[in-house]
Amino acid sequence: MKITVKREEGFVEYEVDIVDSTLLQLLNIIKTTQDNTLTFSSGCRSSVCGSCSMRVNDREVLACSYKVQDGDRVEPLRNVPVIRDLVVDMDKAYAFNAKAKAWQKTISEGSEVTQDDEKVNEVQSDCILCGSCYSACPVYAVNEEFLGPFALTRTWKYVSDRREEDEKSKIDTIQTNGVWDCTLCNECTMVCPQGISSKSDIEKLRSKSAMAGYSDPSFANSFGGGFGFDGSPSF
Amino acid sequence: MLRDKSDVLIIGAGGAGLVAALNAKESGASVLVITKEYPTRSQTCMAQGGINAALGNAGEDSVEAHIKNTLKSAHGLAKEEAVRLMCSEAPNAVKWLDSIGVCFSRTKDAKIAQRTLGGASAPRACYAQDYTGLKILHTLYDKCMSEEIEILSEKYLLELLKDENGCVCGAKILDIRSGEIENYKSRAVVLATGGYSRIYDKNSTNSTASTGDGIAAASRAGASLVDMEFVQFHPTALKNSSILISESARGEGGYLINSKGERFTNELAPRDEVSRAINEEILKGEDIFLDIRHLGEEFIEEGLPQERKLSKLYENVDPVHDLIPIRPVAHYTMGGIEVDDSSSTTVKGLFAAGECANHRVHGANRLGGNSLLEIVVFGKQAGLNAAKYAAENSSESELQEVSGSIYNLEEQQSENEIDFYEVREHIGDLFYKNVGIVRKKSELQMAQEEIKEIKSKLHLMGVSDSSKVYNSNFVEFLEFQNMLEICENVVSSALKRDESCGAHYMEDLS
């Protein structure tokens with residue numbers, strides 16, 4: 001099996017005699033038997049630590065859960081600085097969680113969470129911060145300060161949680177470089193290994209924002225403002 | 001290069017490290033956390049089964065029963081006071097996690113859902129589907145962000161630094177990204193660096209990062225290690241990839257069967273017993289399978305979604321319709337850095353919590369659901385006591401430089417006459433066979449000799465990558481050397497314990 005990997009010096013081809021393998025297994029074989037300098041991150045091997053996200057044939061994947069195919073072209077994530085080969089610097093991306101204040105502000109004193117409440121943010125709390133959505137998001141081409149899909153999903157996780165009593169301050173925080181900057185293109189949803197749709201979480205946050213009296217700044221002079229960039233109603 | 005000074009330096013950003021950070025900060029200490037990965041990528045995220053607390057939400061339970069079960073599984077090696085503290089604090093620990101936003105699964109009457117894991121007399125493990133560790137870890141990370149705790153990623157612990165009085169007062173760190181070596185000064189250090197299951201290499205469920213760096217560094221700094229021979233083998237890892245299939249699969253009613261389709265053990269006995277039963281069958285030539293087909297698709301999808309996904313990916317089987325091929329592999333290391341009832345190690349200024357520490361709550365065999373509990377209860381204890389120590393020992397002291405040419409990349413470059421990656425894999429297989437589920441004195445001695453031999457050839461191994469920037473070949477070689485030190489300790493501890501006890505099972509005792 002042959003794959004090409006984007007490295008500092010350009011695309012490098014590797015050939016390994018293996019079938020039915022995950023991309024991570026293959027990269028480990030190359031690293032330990034062919035080329036000690038090939039650099040990538042990995043951890044759990046079971047799709048929960050989010051270390052081995054990368055792009056294969058222009059699509060974000062977790063190397064540990066992707067079955068590698070002959071001819072695959074492997075590259076690092078986009079929208080983040082490459083440190084070396086497939087390793088990227090996630091610091092700025094992760095800092096958007098703090099900028100979005102994606103945490104529970106009020107300490108809950110035994111508020112009752114039902115099975116229905118639990119379902120509201122069960123999937124959102126499955127996020128592994130692999131950054132696939134961040135890499136796939138086209139907004140960063142025009143706005144580097146966009147809070148981005150995973151941070152906004154995290155915000156929705158807390159906004160939708162009945163244990164959070166200060167929903168308003170969460171909504172206030174995500175008005176600038178936040179919910180209205182998303183183009184609702186749905187790329188984030190398409191690449192999420194955990195089946196999370198940040199796009200729909202952002203739509204729900206827009207609806208909450210509208211209820212809190214905010215409106216889409218690009219429709220500042222029109223009624224309501226409850227419409228996304230593509231004109232679809234957002235609620 | 002001397003970096004920022006903090007009152008408490010926490011090394012490791014898994015559950016124990018983050019809980020320690022939150023508590024140290026709350027007591028007024030300035031806190032810095034460093035991790036060789038990122039804060040949400042640690043081993044904690046892999047914990048699936050749950051966190052034990054005798055809440056009695058799903059059936060009658062009591063703190064006393066939790067204590068009794070834990071002590072029984074520990075085979076006399078646990079300290080009753082420590083177990084009592086952990087189990088009594090458990091309901092508060094879960095209540096606290098719930099209060100900061102952990103998305104636990106719920107019962108019909110809006111309580112935190114609980115299920116039965118091996119060795120427990122009641123449904124005691126609070127869970128969040130099979131993502132319990134993931135959801136706890138990420139919520140702790142969010143909480144740390146809200147408290148503005150600084151966490152520096154991709155920094156690797158080389159050595160602990162001491163002052164002229166021999167007290168730990170910082171750490172020597174390799175910045176993986178730049179390749180620079182940095183000294184971080186602090187009044188107290190908390191190690192929360194995880195266990196050493198990766199000495200078994202591919203025969204382990206653990207993340208490739210579980211290389212015992214903190215334990216090895218603590219030992220070099222003079223801290224005592226205890227009960228290092230106790231390694232827990234989890235009964236059900238996927239046969240080919242060693243990926244964990246959670247104990248909850250058996251807790252919910254899964255069977256273990258052999259090639260003939262026969263059940264051969266009590267699936268819910270403690271992990272050491274189940275692993276030995278499986279091992280015995282495998283030695284008879286049987287293939288062993290986990291059978292959860294009878295639980296039904298809806299149930300599997302709801303309660304064990306990861307298990308289904310991973311079985312499909314790695315073994316090409318769908319647990320809804322097929323048997324899951326499994327074998328026991330190294331999963332958790334009970335041994336670790338000796339600590340007292342304030343989480344202080346035997347070296348002043350150095351504290352430890354989580355899997356790297358030995359709080360004597362697991363003894364010879366840990367119960368499922370007690371490790372997530374341990375990181376919350378003892379992470380808190382370590383954080384509070386480190387902050388207290390820092391406040392009481394605020395006088396300025398001189399850092400004593402440690403010499404360590406092994407941290408000089410140039411000196412580690414070599415012709416690689418012997419490939420350490422091959423040796424690493426070889427040691428993993430050797431330990432699985434000779435220092436594994438069932439041990440014999442002669443085989444332990446053989447392993448000990450071999451480790452000695454490998455150590456003597458260390459100068460023939462080295463790093464072939466010369467890059468300063470993100471040299472993972474170098475980091476993996478440093479990890480390998482830490483694992484060698486741990487291996488020596490594990491096998492010599494095993495030889496010293498001339499009895500069968502929990503996970504340390506000796507076959508040829510005469």
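These numbers were taken from a predicted model, which means no experiment stands behind them. (Residues numbered from 1 in each chain as written. Chains lettered and ligands numbered in written order. Predicted model: local features only at pLDDT ≥ 70, side-chain atom pairs only at ≥ 80, totals over all residues. Heavy atoms only, no water.)

Examining the sheet that holds strand β2 (residues 10–15) of chain A
All names here are of chain A.
Reasoning step 1: The strand order β2-β1-β5-β3-β4 describes an open sheet built from 5 strands, whose pairing is mixed. The open sheet has two edge strands, β2 and β4 (59–62), and neither has a second partner. Pairs of neighbouring strands in the sheet enclose a mean axial angle of 35°, with direction left out of account.
Reasoning step 2: Bridge count for strand β3 (residues 53–56) against strand β5 (residues 73–75) is 2 bridges, and the pairing is antiparallel. Residue pairing across strands places V56 opposite V74, the latter belonging to β5.
Reasoning step 3: The strands touched by helix α1 (residues 23–34) within the sheet are β1 (2–7), β2, β3 and β5, with β1 carrying the most contacts at an inclination of about 75°. (Pairing = 2+ DSSP bridges. Helix = DSSP H or I, 4+ residues; strand = E, 2+ residues; numbered from the N terminus. Axes fitted to C-alpha atoms, helices over the stretch in contact; angles between N-to-C directions. Contact = heavy atoms within 4.5 Å.)

With respect to the packing of aromatic side chains
Reasoning step 1: Applying the stated criterion across every chain yields a total of 15 aromatic pairs over all chains.
Reasoning step 2: Centre to centre, the rings of A:F96 and A:Y134 are 6.3 Å apart; their planes meet at 35°, and the pair counts as tilted. Taken together, the residues A:F96 in helix α2 (residues 91–99) and A:Y134 in helix α4 (residues 132–136) connect sequence positions 38 residues apart. With respect to class, A:F96 is no different from A:Y134; both count as buried.
Reasoning step 3: Between B:F233 and B:Y432, the aromatic rings sit 6.1 Å apart at their centres with planes inclined by 55°, giving tilted as the arrangement. Here B:F233, found in strand β11 (residues 231–238), pairs with B:Y432, found in helix α12 (residues 420–434); they are 199 residues apart in sequence, far enough to count as distant. There is no split in this pair, since B:F233 and B:Y432 are both buried.
Reasoning step 4: When the ring centre of B:Y127 is taken as origin, the NZ or CZ atom of B:R115, which lies over that ring, is 3.9 Å away.
Reasoning step 5: Over the aromatic face of B:Y432 sits the side chain of B:R327, whose NZ or CZ is 5.0 Å from the ring centroid. (Phe/Tyr/Trp six-rings, centres within 6.5 Å; stacked < 30°, edge-to-face > 60°. Buried < 20%, exposed > 50% of the residue type's maximum accessible area, 1.4 Å probe, protein only. Lys NZ or Arg CZ within 6 Å of the ring centre and 35° of its normal.)

Quick notes on the side chain of A:D35
Residues and elements named next belong to chain A.
Reasoning step 1: Along the polypeptide, D35 turns up in the loop between α1 and β3.
Reasoning step 2: For D35, the side chain forms a polar contact with the side chain of T37, separated by 2.5 Å.
Reasoning step 3: In this structure, D35 is in contact with R7, Y14 and I30, ignoring residues within four places of it in sequence. (Polar contact = N/O pair within 3.5 Å; in protein donor to acceptor, adjacent residues only side chain to side chain.)

What to know about the interface of chain A and chain B
Reasoning step 1: Each partner contributes to the interface: chain A provides 58 residues, whereas chain B provides 60 residues.
Reasoning step 2: Buried area between chain A and chain B, both sides added, is near 4,700 Å², and the carbon and sulfur share of it is 47%.
Reasoning step 3: The tally of links from chain A across to chain B stands at 7 salt bridges.
Reasoning step 4: Note that A:D89 is salt-bridged to B:R177, the shortest N-O span being 3.6 Å.
Reasoning step 5: Scanning the region where chain A abuts chain B turns up 37 residue pairs in polar contact (both at pLDDT 80 or more).
Reasoning step 6: Per-element tally for the side of chain A that touches chain B: the top contributor is α2(A), with 4 residues.
Reasoning step 7: In terms of residue class, the side of chain A that touches chain B is built from 20 nonpolar, 22 polar and 16 charged. (Buried area = accessible area lost by both parts, 1.4 Å probe. Salt bridge = Lys/Arg side-chain N within 4 Å of Asp/Glu carboxyl O. Nonpolar A, V, L, I, M, F, W, Y, C, P; charged D, E, K, R; others polar.)

A word on the side chain of B:N258
Residue and element names in this part refer to chain B.
Reasoning step 1: Note on placement: N258 falls in the loop between β12 (255–257) and α7 (271–283).
Reasoning step 2: For N258, a relative accessible area of 3% puts it in the buried group.
Reasoning step 3: A distance of 3.0 Å separates the side chain of N258 from the backbone nitrogen of E262, its partner in a polar contact.
Reasoning step 4: Here the side chain of N258 touches E281 through a polar contact of 3.2 Å, side chain to side chain.

Some details on the packing of α12(B) against helix α13 (residues 441–456) of chain B
In a packed pair of helices, the relevant descriptors are the angle between the two axes and the axis-to-axis distance.
Residue and element names in this part refer to chain B.
Reasoning step 1: With their axes 9 Å apart at the nearest point, α12 and α13 run at an angle of 165° to one another. The orientation of α12 relative to α13 falls into the category roughly antiparallel. As for how α12 packs across α13, the hand of that crossing is left-handed. Residues V423, H426, I427, L430, F431, K433 and N434 of α12 form the contact with α13, whose own contacting residues are E443, L444, M446, A447, E450, I451 and I454.
Reasoning step 2: Of the residues contributing to the contact of α12 with α13, the split by class is 9 nonpolar, 2 polar and 3 charged. (Parallel < 35°, antiparallel > 145°, perpendicular 65-115°, else oblique. Left-handed = near helix turned anticlockwise from the far one by under 90°.)

With respect to the environment of B:S275
All names here are of chain B.
Reasoning step 1: As for its position among the elements, S275 is in helix α7.
Reasoning step 2: Residues S275 and Q232, 43 residues apart in the sequence, show an inter-C-alpha distance of 9.0 Å.
Reasoning step 3: Each residue touching S275, except ones within four places of it in the same chain, is listed here: F233, H234, P235, P328 and I437.

Considerations on the domain arrangement of chain B
All names here are of chain B.
Reasoning step 1: Domain boundaries in chain B define domain 1 (2–50 + 131–229 + 334–401), domain 2 (235–329) and domain 3 (409–496).
Reasoning step 2: On a C-alpha basis, the centres of domain 1 and domain 2 stand 33 Å from each other.
Reasoning step 3: The interface of domain 1 with domain 2 comprises 11 residues on the first partner and 14 residues on the second.
Reasoning step 4: Taking both partners together, domain 1 and domain 2 bury about 1,100 Å²; carbon and sulfur atoms supply 45% of that area.
Reasoning step 5: Applying the counting rule to domain 1 against domain 2 returns 0 salt bridges.
Reasoning step 6: Seen at the junction of domain 1 and domain 2, the total is 4 residue pairs in polar contact (both at pLDDT 80 or more).
Reasoning step 7: Per-class residue counts for the side of domain 1 that touches domain 2 are 2 nonpolar, 7 polar and 2 charged. (Domains from an automatic or database assignment.)

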